Amino acid sequence: MDLAALIFDVDGTLADTERDGHRPAFNAAFADAGLDWSWSVELYGQLLEVTGGKERIRYYMERFRPDFEPGQDLAGFIADLHRRKTEHYLRMLRAGAIPLRPGVLRLLREARDVGIRLAIATTTTPGNVTALLECSGGPDLPSWFEVIAAGDIVPAKKPSPDIYQAALDQLGLPADACVAVEDSANGLRSALAADIRTVLVVVSSYTQREDFSSATLVVDEFGGPGAPAHVLHGTMDGADYVDLAALRALHSRACGTAIR
Ligand code: XBP
Ligand code: MG
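Model, not experiment: these values are computed from the prediction.

Participant: Help me understand the pairing of strand 1 (residues 5–8) in this model?
Facilitator: The side chains of a regular strand alternate, residue by residue, between the two faces of the sheet. Burial along strand 1 is two-sided: Ala 5 and Ile 7 and Leu 6 and Phe 8, pointing in opposite directions, are all buried. Where strand 1 and strand 2 (residues 117–122) come together, four bridges link them in parallel fashion. The residue bridging Phe 8 from the neighbouring strand is Ile 120, located in strand 2. For strand 1 and strand 4 (residues 178–182), the ladder comprises four bridges, and the chain directions are parallel. Note on strand 4: the bridge partner recorded for Leu 6 is Val 179.

Participant: Looking at this model, I keep getting lost on the site of ligand 1. Mind explaining?
Facilitator: Neighbouring ligand 1 are 18 residues, the closest being Gly 53, Arg 56, His 82, Lys 85 and Thr 125. Contact distances for ligand 1 include 3.1 Å between an oxygen atom and a backbone N or O atom of Asp 11. Taking Lys 158, its side chain carries an N or O atom lying 3.3 Å from an oxygen atom of ligand 1. Surface burial for ligand 1 is 97%, taken as the share of its 450 Å² of free accessible area covered by protein chains. Elements that contribute at least two residues to the shell around ligand 1 include exactly helix 1 (18–32), helix 3 (53–64) and helix 4 (74–94).

Participant: When you look at the packing of aromatic side chains in this model, what are you seeing that I'm missing?
Facilitator: Working definition: an aromatic ring pair is given by the centre-to-centre distance plus the angle between the planes. Within this structure, the stated rule accounts for 13 aromatic pairs. Three or more aromatic residues joined by ring pairs make a cluster, and in this case those are Phe 26, Phe 30, Trp 37, Trp 39, Tyr 44, Tyr 60, Phe 64, Phe 68, Phe 77 and Tyr 206. For Lys 85, the ring lying beneath its charged end belongs to Phe 26, and the centroid distance is 4.6 Å. The ring of Tyr 89 has Lys 85 sitting right over it, with the charged end atom 5.2 Å from the ring centre.

Participant: Can you walk me through the pattern of salt bridges in this structure?
Facilitator: Scanning the model with the defined rule gives 15 salt bridges in all. For Glu 110, the salt bridge goes to Arg 106, with nearest N and O atoms at 3.0 Å. Taken together, the residues Glu 110 and Arg 106, both in helix 5 (residues 104–113) and four residues apart, mark about one turn of the helix. Between Glu 182 and Lys 158 there is a salt bridge, with its nearest N and O atoms 2.9 Å apart. Of this pair, Glu 182 sits in strand 4 while Lys 158 sits in the loop between strand 3 (147–150) and helix 8 (162–171), and the two are 24 residues apart along the sequence. Lys 158 matches Glu 182 in its accessibility class, with the two residues each being buried. Each of Lys 54, Glu 55, Asp 152 and Lys 157 takes part in a single network of salt bridges with overlapping partners.

Participant: Is there a simple way to think about the coordination of the magnesium ion (ligand 2) in this case?
Facilitator: Around a metal, the perfect tetrahedron of four donors has angles of 109.5 degrees, and the perfect octahedron of six donors has angles of 90 or 180 degrees. Coordination of the magnesium ion (ligand 2) by the protein involves Asp 9 (OD), Asp 11 (O) and Asp 183 (OD), with metal-donor separations of 2.1 to 2.2 Å. Along the chain, the residues donating to the magnesium ion (ligand 2) fall in the pattern D-x1-D-x171-D. Within this pair, whereas Asp 9 is found in the loop between strand 1 and helix 1, its partner Asp 183 is found in the loop between strand 4 and helix 9 (185–193), the two being separated by 174 residues in sequence. Given a relative accessible area of 5%, Asp 9 falls into the buried group. Residue classification places Asp 183 among the buried positions, given a relative accessible area of 5%.

Reading guide: rules and limits
Residues numbered from 1 in each chain as written. Chains lettered and ligands numbered in written order. Predicted model: local features only at pLDDT ≥ 70, side-chain atom pairs only at ≥ 80, totals over all residues. Heavy atoms only, no water. Buried < 20%, exposed > 50% of the residue type's maximum accessible area, 1.4 Å probe, protein only. Helix = DSSP H or I, 4+ residues; strand = E, 2+ residues; numbered from the N terminus. Pairing = 2+ DSSP bridges. Near = heavy atom within 4 Å. Polar contact = N/O pair within 3.5 Å; in protein donor to acceptor, adjacent residues only side chain to side chain. Areas by Shrake-Rupley, 256 points an atom, 1.4 Å probe, with all protein chains shown as cover. Phe/Tyr/Trp six-rings, centres within 6.5 Å; stacked < 30°, edge-to-face > 60°. Lys NZ or Arg CZ within 6 Å of the ring centre and 35° of its normal. Salt bridge = Lys/Arg side-chain N within 4 Å of Asp/Glu carboxyl O. Donors = N, O, S within 2.8 Å, 3.2 Å for Na, K, Ca; no water.

Okay, here's the thing in structure tokens:
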């Protein structure tokens, strides 16, 4: 089957948002609420095993603050904290705090120019996605994506396949027509569980040591002309960086079809 669409994860993949974006936004929301909770760079690495901001707060409370009394129903308390966190995160994006990863815009443009469809499958809150695309890529960038599948539209977050399945459903495409682009083991599991056989992993600061042996290709960066990407697993068939030709070759090999 021909390659028809690229489905991108957001956090860690389009931009390195976790350490200096989401993490300080959580901490700012904790401070607003008068809590003495502070998530260090190291602790946040552990907490990232749990995807979803609300789910992460709940996990932290259960594991690290078992005696804390929220003074209201737990789900409402977490939702309020998370709303504040999102406000802080959006403010940081609008201040231009988080650039897209090198090569992202180039690759998106290459795909768009030849009619390869673009989609997103992410755990984060939908507003965070459009704000990142607009603030770090340009006001038109959200419109390049035909589908933005994000956050609570599905019952179970990554590593469950639900969000990739939602993106495929909205695209109206079978899994074999798509390549998924991820940065984390949870994301890789999610894409594979949705039967997407071609998964490119571009590792990010928090995910470098995760197990990506079931990915099709693992690189350190997308790279670009004069800035080669380094292959950590799999092969790029001599290509210097991740471009559309490299993704087509990857897809045709993984799906056992001829390149057109
Ligand atoms: C991203 C996440 C999200 C963000 C925070 O995972 O796990 O929880 O850290 O976003 P992925 P929210 O890149 O695999 O989609 O606070 O908006 O949930
Ligand atoms: Mg990610």
